[in-house]
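# A look at the structure
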Amino acid sequence: MSKTLVIAEISGGRLKKTTHSAITFAREAGFPFDILALGKGVGAAAEELRGFGAGAVLVADDALFANFVAEAFAPTVADVAKAGGYTVVAVTASSFGKDLSPRVAVRLGAGLAPDVSRVANQGGTLVYKRPIYAGNAIATMQVSTPVQVVSVRQSEFAAAAPSGGASAVSAVAASAAPNAARVQFVSFEEVKSERPELTEARVVVAGGRSLKSAENFKTVLEPLVDAFGAALGASRAAVDAGYVPNDLQVGQTGKVVAPGLYVAVGISGAIQHLAGMKNSKVIVAVNKDAEAPIFQVADYGLVADLFKAVPELTDAVKRARADR
Amino acid sequence: MKILVSLKRTADPDNANKVKVAPGGAKVVTDGLEPKVNPFDEYAVETALRLVENGKTRIAGDSVVVASFGPKEAATNIRQALAMGADSGLLYTTDDDSLDGDLVARALAKVVEAQKPDLVILGKQAVDGDSNQVAQELAELLGWPSATFAMSVDLAADKKTVTVGREVDGGVIKLKLTLPAVISVDLRIVGGKAVTNNVTPATHNYNDGPRFAPLPMIIKAKTKPIAEAPIASLGVETALKVKYTGFELPPARKAGIKVKDVGELVDRLRNEAKAL
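Attention now moves to the overall build of chain A. Each helix and strand in chain A was counted, giving eight helices and 18 strands. A principal-axis box enclosing the C-alpha atoms of chain A has dimensions of 60 × 40 × 40 Å. Per-residue burial over chain A gives 60% buried out of 324 residues. Summarising the internal contacts of chain A: among those between residues at least 6 apart in sequence, 66% fall at separations of at least 24.

If you want it as structure tokens, here you go:
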């Protein structure tokens, strides 16, 4: 009988929202599912996971999982999957899931469906869609092995809401992780922000190289970001120029986002950037180059000097939001 | 120190929006797009070269070997890596359509057994399949420590460990690996100061980005060896674990409009798109 094991992502004891997309995937796949929470001190996160309709919440609470090292996590995930007879192992394709899922696949001799955007259960067979070529083509694929591992694109699977009920919680043992012996966790330098997370925000305001400096990101763009209550994003060019930290990059190889509103400011719209945002519901582009490729995907394009338009837009958005 | 780099040729990623789908969705057609070295693999070559150099000179005894899987034409792309400074190439021939990340990882594991490198460096993903799995699978198959999505690499002076900064959601994780190990590299690894080996003086400046091959190196690369053998010679099971059944183009976004000023933009966002 088919059943799915969802791997929760927990950081510093806190359940990450990425997990909710993997739960949505499990619901759409249509098989009964359980959730596996690995970490150190994950009691609260496990409690939170009980409300999503899983048959069980399995908890591996161990010092081995205090920090994320893939070599430490993979054996336990694979062993739990094997022991429980799971046929599908699902995790969200965050940096955590992308690092972990291929290793679990190897340990299970399973085929991997990476970064899928859709799933359909066709008479018990899972058929996936996944974007390739930076989202310029969509492949349909399935996994031929008896057990399959899937990573799911967060922006394409809406965060699951709790469905009520209280799943049973049971402890599972951590497996030996000999491959972790030659990996030493040194540090996690976290970028902290008061703003919403890029992959979870309803509005994203992103800036490009045309902002010309880190200072202009702060003084020109960030007031607009905050007027919208948005997350801040950036193009690769702006990150490479050192205007903003790496983890704000939107694109094929950065974060993939699909907010209700995406405002691209001074971003020309390279293919790699479009791959990270073109599934946003409404796209606004402000750019002084009327030929910029970003206008080809924008619902509303404003050809203007951003240094003039953005402060005006900031004031207008503040007024509009104050009226609501 | 011996470093193995894997390299894939991909259709020109800067024109990926020109890919087409064959009638019936049987395959993706990249006709007219120049086959280029996958950008992340080019960064892997650059990373490897920086680790075996003392500034502009090669550390005696160190080497960089480039392995690729694909059609015979992929030799052209291996040659590009040799022109950058890699020493030799290995080409395991097969059709591109007969490959996937899982098979490449299993084949690479065999190459590693034969070549016995101290480090394997890979791009974090190929920009055609966008799968992002080979480095992780290779590490697991070998039982080697690994660090994916590297934005910085620091090789210890004794060459026994490497400290890697991994670009992850919300920040940077630093891991210290005992060699031999597997590293997959991200964009930022080609920053001027991202790769250090405790031999090249801190005052040495690398340019940002992968190096351009100067003409003498391009000529020299023609004499460097590329060993060619069918992938079957590695003794791997070539059946794939996944099956691609069709391809389509993504739905086009409907054409948008240009607004005349900020006032119109806000008005439309509020009343038309209901996005305010």
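So, about the packing of helix α3 (residues 101-115) of chain B against helix α4 (residues 134-142) of chain B. The relative placement of two packed helices comes down to the angle between their axes together with the axis-to-axis distance. Residues and elements named next belong to chain B. Running from N to C, α3 and α4 cross one another at 45°; their axes reach a closest spacing of 8 Å. By the criterion of interaxial angle, the relationship of α3 to α4 is oblique. Crossing angle aside, the handedness with which α3 passes α4 is right-handed. Residues Gly101, Asp102, Val104, Ala105, Arg106, Leu108, Ala109 and Val112 of α3 lie in contact with α4, whose contacting residues are Val134, Glu137, Leu138, Leu141 and Leu142. Residue composition of the contact of α3 with α4, by class: nine nonpolar, one polar and three charged.

What follows concerns the environment of Lys129 of chain A. All names here are of chain A. Mapped onto the elements of the fold, Lys129 is located in strand β9 (residues 125-132). Given 19 C-beta atoms within a 10 Å radius, Lys129 is considered partly exposed. In this structure the C-alpha to C-alpha distance between Lys129 and Phe25, which are 104 residues apart in sequence, comes to 12 Å. Setting aside residues up to four positions removed in sequence, Lys129 forms contacts with Val116, Ser117, Arg118, Ile138 and Thr140.

A word on the sheet that holds strand β18 (residues 257-259) of chain B. Here we have six strands laid out as an open sheet, ordered β15(A)-β14(A)-β16(A)-β17(A)-β18(A)-β18(B), and parallel in their pairing. A single partner strand is all that each edge strand has here, and the edge strands are β15 (231-234) of chain A together with β18 of chain B. Going from strand to strand, the sheet's axes swing by 25° on average, the running direction of each strand aside. Set on the sheet, helix α5 (residues 214-228) of chain A makes contact with β14 (203-207), β15 and β16 (261-265) of chain A; between it and β14 of chain A the angle comes to about 170°. Here helix α8 (residues 306-323) of chain A sits on the sheet in contact with β16, β17 (282-287) and β18 (300-303) of chain A, set at roughly 135° to β17 of chain A.

The next point concerns the interface of chain A and chain B. Contact with chain A, which involves 69 residues of that partner, is made by 63 residues of chain B. Its residues placed into classes, the side of chain A that touches chain B shows 37 nonpolar, 17 polar and 15 charged. With six bridges connecting them, strand β10 (residues 137-143) of chain A and strand β17 (residues 242-248) of chain B associate as antiparallel partners. Pairing of Thr140 of chain A across the sheet is with Gly246 of chain B, part of β17 of chain B.

On to the environment of Leu141 of chain B. On the secondary structure map, Leu141 of chain B appears in helix α4. When the C-alpha atoms of Leu141 of chain B and Lys110 of chain B are compared, they prove to be 9.8 Å apart, with 31 residues separating the residues in sequence. Not counting residues up to four positions away in its chain, the partners in contact with Leu141 of chain B are Val106 of chain A together with Ala105, Arg106 and Ala109 of chain B.

This brings us to the domain arrangement of chain A. Residue and element names in this part refer to chain A. Looking at the assigned domains, one finds that chain A contains domain 1 (4-182) and domain 2 (203-323). Summarising the inter-unit geometry, the C-alpha centres of domain 1 and domain 2 are found 32 Å apart. Counting residues at the interface gives five residues for domain 1 and nine residues for domain 2.

All right, on to the sheet that holds strand β12 (residues 168-171) of chain A then. Residues and elements named next belong to chain A. Read from one edge to the other, the open sheet built from seven strands follows the order β7-β11-β6-β1-β4-β5-β12, with strand pairing classed as parallel. Looking at which strands have only one partner, the edges of the open sheet turn out to be β7 (111-116) and β12. Strand after strand, the sheet turns through a mean of 20° between neighbouring axes, direction not considered. Pairing of strand β1 (residues 4-7) with strand β4 (residues 33-39), which is carried by four bridges, proceeds in the parallel orientation. Across the sheet, residue Thr4 finds its bridge partner in β4, namely Phe33.

What counts and what doesn't
Per chain, residue numbering runs from 1 following the sequence as it is written. The naming scheme follows written order: chains are lettered A onward, ligands numbered 1 onward. Per-residue local features of the predicted model are confined to residues with pLDDT of at least 70, and side-chain atom pairs are confined, for both listing and counting, to 80 or more; whole-chain, interface and lining totals are unaffected and use all residues. Here a strand is any run of E in DSSP of at least two residues, a helix any run of H or I of at least four, and the numbering for each starts at the N terminus. Three classes are used. A residue is buried when 20 or more other C-beta atoms lie within 10 Å of its own, exposed when 12 or fewer do, and partly exposed in between, with C-beta atoms placed from the backbone. Contacts are defined on C-beta atoms placed from the backbone: any two residues whose C-beta positions lie within 7 Å are in contact. Axis definition: a line fitted to C-alpha atoms, limited for helices to the stretch in contact. Angles are taken between N-to-C directions and run from 0 to 180 degrees. Angles are sorted into four bins: roughly parallel if under 35 degrees, roughly antiparallel if over 145, roughly perpendicular if 65 to 115, and oblique for all others. What makes a crossing left-handed is the near helix being turned counterclockwise from the far one by less than a right angle; a clockwise turn instead makes it right-handed. Residues are sorted three ways: Asp, Glu, Lys and Arg are charged, Ala, Val, Leu, Ile, Met, Phe, Trp, Tyr, Cys and Pro are nonpolar, and all the rest, Gly among them, are polar. Paired strands are those between which DSSP finds at least two bridges. Domain start and end points were adopted from an automatic or database domain assignment.

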